[in-house]
Every structure is written in C-alpha cells, then in structure tokens.
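Residues per chain are reported as follows:
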Amino acid sequence: MAFVITSPCEAEKAGECVTVCPVDCIEKGPDQYFINPDLCIDCGACVSVCPVDAIFEEYDLTDQQQPYLEKAERFFGIL
C-alpha cells in the first residue's frame, strides 16, 4: 500500500482525490475515502489536491496515523 488517507478526511470527505486519480483507485467508505493498493500506481496526484492534507505515503505515517493503514487494509479485505 503506497498511500494512506488519514483522519482529516473523516471530517472533510471533499473528494478531490477521486476526480484526479487516473486509475480510479479511490473508493468512498462509510466515513472516509480509501485508496485501493492493488489499483494504485503511486502517481501521487491525490496528495497534491487534498484540501486537508490527509494523504500520506505508508512509510511516512506517524504512530498516530498507523491505525488508518490498518483501517484501509480492513476496508479492502487485506487483513
């Protein structure tokens, strides 16, 4: 999983990331958007348009953001 959407999305859910994704790998979940790691091509287009800076590379996640990686994995059935 290259990119992970974190807590600021829960309050915002703006969706700009969905419109710029060239491979349609971002899906709307019950409380936030999620990036499908099997479809993502790691282009980073979503990062630059997120109005609340909620998208991070997996390896840049802080300890506080780590649960969002697990949340995304559960959403896509990876866990």
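Above this text is the structure in question.
Residues numbered from 1 in each chain as written. Predicted model: local features only at pLDDT ≥ 70, side-chain atom pairs only at ≥ 80, totals over all residues. Heavy atoms only, no water.

Position of Cys 43 relative to the elements: it lies in the loop between β3 (33-35) and α3 (45-49). For Cys 43, a relative accessible area of 47% translates into the label partly exposed. Residues Cys 43 and Pro 22 lie 21 residues apart in sequence; the distance between their C-alpha atoms is 8.6 Å. (Helix = DSSP H or I, 4+ residues; strand = E, 2+ residues; numbered from the N terminus. Buried < 20%, exposed > 50% of the residue type's maximum accessible area, 1.4 Å probe, protein only.)

Along the chain, Glu 57 turns up in strand β4 (residues 55-57). Sequence separation of Glu 57 and Phe 3 is 54 residues, and the distance between their C-alpha atoms is 4.3 Å. For Glu 57, the contacting residues outside a window of four places in its chain are Ala 2 and Phe 3. (Contact = heavy atoms within 4.5 Å.)

A few words now on unusual backbone geometry. With phi around 45 degrees, Lys 13 is a residue other than glycine that occupies positive phi space. Structurally, the position occupied by Lys 13 is in the loop between α1 (8-12) and α2 (16-20). Although it is not a glycine, Asp 24 adopts a positive phi angle of roughly 50 degrees. Looking at the element boundaries, Asp 24 is found in the loop between α2 and β2 (26-28).

Judged by nonpolar contacts, the single largest core of 14 residues is most densely connected at Ile 5, Ile 26, Ile 35 and Ile 55. Elements represented by at least two residues in this core include exactly β1 (3-5) and β3. For Ile 55, the contacting residues outside a window of four places in its chain are Phe 3, Val 4, Ile 5, Cys 17, Ile 35, Cys 46, Val 47 and Cys 50. (Core = buried A, V, L, I, M, F, W, Y, C linked by side-chain atoms within 4.5 Å.)

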